[in-house]
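Topology and contacts: notes
Now for the letters of each chain:
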Amino acid sequence: MKYKINNIYIEKKFIILNNFLNKNKYNISKVILLLDNNIKKYYLKYFLKKISILKKSKFIIIKSGEKYKNIKTCIKIWKKLILFKIDKKSIIINLGGGVITDLGGFVSSTFKRGIKFINIPTTLLGMIDASIGGKNAINFYNFKNEIGIFNNPILIIINKNFIKTLPKNEILSGLGELLKYGLIYDKKYWNFLKKIDFNNYKNIKWDKIIYKAILIKKKIIDKDPYEKLGIRKILNFGHTIGHSIESFFLSKNKKITHGEAIALGMICESWISKKIKKLNNNEYEEICNIILKYFKIKIIKEKYFNKILNYIKNDKKNYNNNIYFSLLNNIGKCSFNKKINKTLILNSIKQMNKIYFLKKKKKNEKI
Ligand SMILES: NC(=O)c1ccc[n+]([C@@H]2O[C@H](COP(=O)([O-])OP(=O)(O)OC[C@H]3O[C@@H](n4cnc5c(N)ncnc54)[C@H](O)[C@@H]3O)[C@@H](O)[C@H]2O)c1
Ligand SMILES: [Zn+2]
C-alpha cells in the first residue's frame, strides 16, 4: 500500500479490500457489486479474480452514462435489492465512475434507511473527486444532482491501474477538477500541474497527482463536511456556469463530460472574478491558456442564454432569488457567497464565445 488518508486507501493489489471482506469485522451478511456495462466488459472477470470472496455475490449492472443517473435507475436497483433479499447488514460495492458512486451511494443510503457501501472509483474524476466527500446525488428533471444525501462510504479504494483503459476525454474530465483544486486552494499544486503534459497521458505518473488532489479535497471538506459553514462551496468554483452548460448539453442529447463542462465554467467564472476586481488579468490569461491547452470551447448561442440562466437560477448555492458564486481572488485562493447579476453572467459566456472566434480567426490567418 502506498498512501492512506483516513478511510481512503491508494493501493494497487486490493489487499485492504480483501482483508476488509475476509475479516468481516462488521458481520456483513451479503455483498452486492454495482457496476455499469463498460466496467463489466473491462473489469468484472479481473475483479472477481482479485477478490475471490465476491464470486458468491450478486451483481447489479446498469447502462453507462450520465443520463442514467436518475430515479428510474434507482428504482431498478432498489427492486433488485429487494429481490436479492438484501438486509441491513448487507454492503454494496460501487465499482465505477462518478455516476456509479453517486447512484450507488444514494441508493445505499436510502435503502432500508441506509446500508453500508464501499466506493471503488474507476475514473480519474471518481478517484480524485466524486467518490470522496459524502455527496451522493441523482439528476432530476434535467437538473444536475437535484436529489441527494450526505453519507460517507465505509471504505474508498483508489487503484490507479483502472486509468489504463480510460479514453482520453475521460482523463481530461478528471483534469478539469484537478486544475480546480490548484485554482481554489493551492497555487503550488497549480504550478505542479502546469508542468505536466496531460495530452501525453500514457506516460504520466499518477500517484502524486492523485494523492495531493485527495489531500486538498479532504482539507476543504473536513472544515465543512455538510456545507453548513460555507467554505466547502469553494469546491463549486466553475460549477455554477459549468453545471448549467452540462445540463444544457445533456438536455440536447449532446456529449460533454463533467470535467469539460467545469473547465468551460472555470473560464467564465475566472472572467467574472476578474470583472469584480479580484483576479488580475495576468492570472486570468494564465488560467485560460492552461485550460485551452486541453479543452475546446463549445459555443453557446445567445438564443439559448435563457435556458442557461434557468439552470443557473436553480443552483444549490442560491437563496432569496439571488445567484451566488464561488470566485477566485487569485490563483490558490477562492471566496464564496459572491452575489452576481445576470448581465455579468451572460457577458462571461459571451466572452467565452469571443475566445472561440478569436482562436478560429488566428488559425485561419495561419493557413
Ligand atoms: N459526489 C461528488 O462529490 C461528485 C463530484 C464530482 C462529480 N460527480 C459526479 O460524477 C459524475 C461523473 O463521473 P465520471 O466522470 O467518472 O463519469 P462516468 O461514471 O459516467 O464514467 C465515464 C465513462 O467512463 C466509463 N468508465 C469508467 N471507468 C472506466 C475505466 N476504468 N475504463 C474505461 N471506461 C471506464 C464509464 O462506463 C462511463 O462510460 C457526474 O455525474 C458528476 O455529477 C460527483
Ligand atoms: Zn465537479
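Residues numbered from 1 in each chain as written. Chains lettered and ligands numbered in written order. Predicted model: local features only at pLDDT ≥ 70, side-chain atom pairs only at ≥ 80, totals over all residues. Heavy atoms only, no water.

In this section: the packing of aromatic side chains. A complete count under the given rule lists 19 aromatic pairs for this structure. On the numbers, 5.8 Å between centres and 35 degrees between planes, the contact of Phe20 with Tyr26 is tilted. Of the residues examined, Tyr26 reaches a relative accessible area of 31% and is grouped as partly exposed. Taken together, a centroid distance of 6.2 Å and an interplanar angle of 50 degrees make the contact between Trp78 and Phe106 tilted. One end of the pair, Trp78, is in helix H3 (residues 71-83); the other, Phe106, is in helix H4 (residues 98-110), and 28 residues separate them in sequence. Given a relative accessible area of 7%, Phe106 falls into the buried group. One aromatic cluster is present, formed by Phe14, Tyr42, Tyr43, Tyr46, Phe47 and Phe162 through successive ring pairs. One residue, Lys298, lies across the ring of Phe249, its end atom 5.8 Å from the ring centre. (Phe/Tyr/Trp six-rings, centres within 6.5 Å; stacked < 30°, edge-to-face > 60°. Buried < 20%, exposed > 50% of the residue type's maximum accessible area, 1.4 Å probe, protein only. Helix = DSSP H or I, 4+ residues; strand = E, 2+ residues; numbered from the N terminus. Lys NZ or Arg CZ within 6 Å of the ring centre and 35° of its normal.)

As defined by bridge partners, strand E3 (residues 31-36) adjoins strand E4 (residues 58-62) across five bridges and the pair is classed as parallel. What sits directly across from Asp36, in E4, is Ile62. In this fold, E3 hands off to helix H2 (residues 37-50), which returns the chain to E4; that crossover is right-handed. (Pairing = 2+ DSSP bridges. Right-handed = clockwise from strand over helix to strand, strands pointing away.)

Taken together, 26 residues form the shell around ligand 1, and within it Asp36, Glu66, Thr123, Lys144 and Thr165 come nearest. Asp36 has a polar side-chain atom sitting 2.7 Å from an oxygen atom of ligand 1. Taking Gly98, its main chain carries an N or O atom lying 2.7 Å from an oxygen atom of ligand 1. When ligand 1 is considered free in solution it has 870 Å² of accessible area, and contact with the protein chains removes 92% of it. Elements with a minimum of two residues in the shell around ligand 1: H2, H4, helix H5 (124-130) and strand E8 (143-150). The residue inventory of the shell around ligand 1, partitioned by class, reads eight nonpolar, nine polar and nine charged. Each of domain 1 (3-165) and domain 2 (170-366) contributes no fewer than three residues to the shell around ligand 1. (Near = heavy atom within 4 Å. Polar contact = N/O pair within 3.5 Å; in protein donor to acceptor, adjacent residues only side chain to side chain. Areas by Shrake-Rupley, 256 points an atom, 1.4 Å probe, with all protein chains shown as cover. Nonpolar A, V, L, I, M, F, W, Y, C, P; charged D, E, K, R; others polar. Domains from an automatic or database assignment.)

With that settled, the discussion passes to the side chain of Ser270. Position of Ser270 relative to the elements: it lies in helix H10 (residues 258-275). Beyond its immediate sequence surroundings of up to four residues, Ser270 is in contact with Phe237, Leu279, Tyr284, Ile287 and Leu328. (Contact = heavy atoms within 4.5 Å.)

A separate point is a nonpolar patch on the surface. Taken together, the side chains of Ile71, Ile75, Phe140, Tyr141 and Ile147 make up a nonpolar region of the molecular surface, amounting to roughly 490 Å² of accessible area. Tracing the chain through its elements places Tyr141 in the loop between strand E7 (135-140) and E8. (Patch = residues over 30% accessible without salt bridge, like charges linked within 9 Å, V, L, I, M, F, W, Y side chains within 5 Å. Salt bridge = Lys/Arg side-chain N within 4 Å of Asp/Glu carboxyl O.)

What follows is about the domain arrangement of the chain. Many authors give the size of an interface as the accessible area that is lost as the parts come together. Split into domains, the chain comes out as domain 1 (3-165) and domain 2 (170-366). In this assembly, 23 residues from domain 1 lie in contact with 34 residues from domain 2. Carbon and sulfur atoms make up 66% of the surface buried where domain 1 meets domain 2, a total of about 2,800 Å² over both sides. Among the residues of domain 1 in contact with domain 2, Leu124, Ile128 and Lys144 are the three that bury the most area, contributing 22% of the side total. (Buried area = accessible area lost by both parts, 1.4 Å probe.)

It is worth spelling out helix H9 (residues 239-251) at this point. Taking 1.5 Å per residue, 13 residues should reach 18 Å; H9 reaches 17 Å between its end C-alpha atoms and fits that length. Most of H9 is tucked away, with eleven of its 13 residues classed as buried. Among the residues of H9, His239, Thr240, Ile241, Gly242, His243, Ser244, Ile245, Glu246, Ser247, Phe248 and Phe249 are the ones counted as buried. Of the residues flanking the end of H9, it is Asn253, one or two places downstream, whose phi is positive at about 60 degrees. (Expected span 1.5 Å × (residues − 1).)

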